[in-house]
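Tertiary structure, described
These are the residues of each chain, in order.
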Amino acid sequence: MKSQKKHALPLLASLLALSLAACATQPPPPPDIPPPPKRKLDAKTQLETGRTY
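Structural notes, computed from the coordinates. All figures in this text were calculated on a predicted structure; none of them were measured in a lab.

**Remarks on the overall build of the chain**
When you go through the chain residue by residue, the secondary structure sums to two helices and zero strands. In the chain, buried positions account for 0% of the 53 residues. Accessible area for the chain stands at about 5700 Å²; split by element, carbon and sulfur atoms hold 67% of it.

Shown next as structure tokens:
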């Protein structure tokens with residue numbers, strides 16, 4: 001009988017911890033940050049590659 005009581009307390013404590021963890025709120029999602037705009041190519045690079053953006 002005593003061995004059942006010894007095992008009951010840790011079991012109840014772990015169930016309580018699990019139930020609290022299940023009820024915890026989710027963190028908010030990270031904000032949507034747009035990517036930085038592309039840098040313009042310098043004149044030399046434009047001449048070498050043929051790209052003009």
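**Considerations on the pattern of salt bridges**
Here the structure, examined in full by the defined rule, presents one salt bridge. Where glutamate 48 meets lysine 44, a salt bridge forms, and the shortest distance between an N and an O atom there is 4.0 Å. Taken together, the residues span about one helical turn, with glutamate 48 and lysine 44 both in helix α2 (residues 43-49) at a distance of four residues. This pair shows no difference in class: glutamate 48 is exposed, exactly as lysine 44 is.

**Considerations on a nonpolar patch on the surface**
Taken together, the side chains of Leu11, Leu12, Leu15 and Leu18 define a hydrophobic patch exposed on the protein surface, amounting to about 430 Å² of accessible area. In this fold, leucine 18 is placed in helix α1 (residues 2-23). We classify leucine 18 as exposed; its relative accessible area is 59%.

Procedures and definitions
In this numbering scheme, every chain counts its residues from 1 along its sequence in written order. Local features in a predicted model are, by the rule used here, given only for residues with pLDDT of at least 70; side-chain atom pairs are given and counted only at 80 or more, and totals for whole chains, interfaces and linings are based on all residues. In computing side-chain values, all of the structure's heavy atoms are included and hydrogens and water are not. Numbering goes from the N terminus for both helices and strands, where a helix is a DSSP run of H or I of at least four residues and a strand is a run of E of at least two. Relative accessible area decides the class of each residue, using a 1.4 Å probe on protein chains only: under 20% of the type maximum gives buried, over 50% gives exposed, and in between gives partly exposed. Each accessible area is a Shrake-Rupley result for a 1.4 Å probe, and residues are judged covered by the shown protein chains and nothing else. Take a side-chain nitrogen of Lys or Arg and a carboxyl oxygen of Asp or Glu: if they are within 4 Å of each other, that pair is a salt bridge. Each patch groups residues whose relative accessible area exceeds 30% and which form no salt bridge, using 9 Å between like charges and 5 Å between nonpolar side chains of Val, Leu, Ile, Met, Phe, Trp and Tyr.

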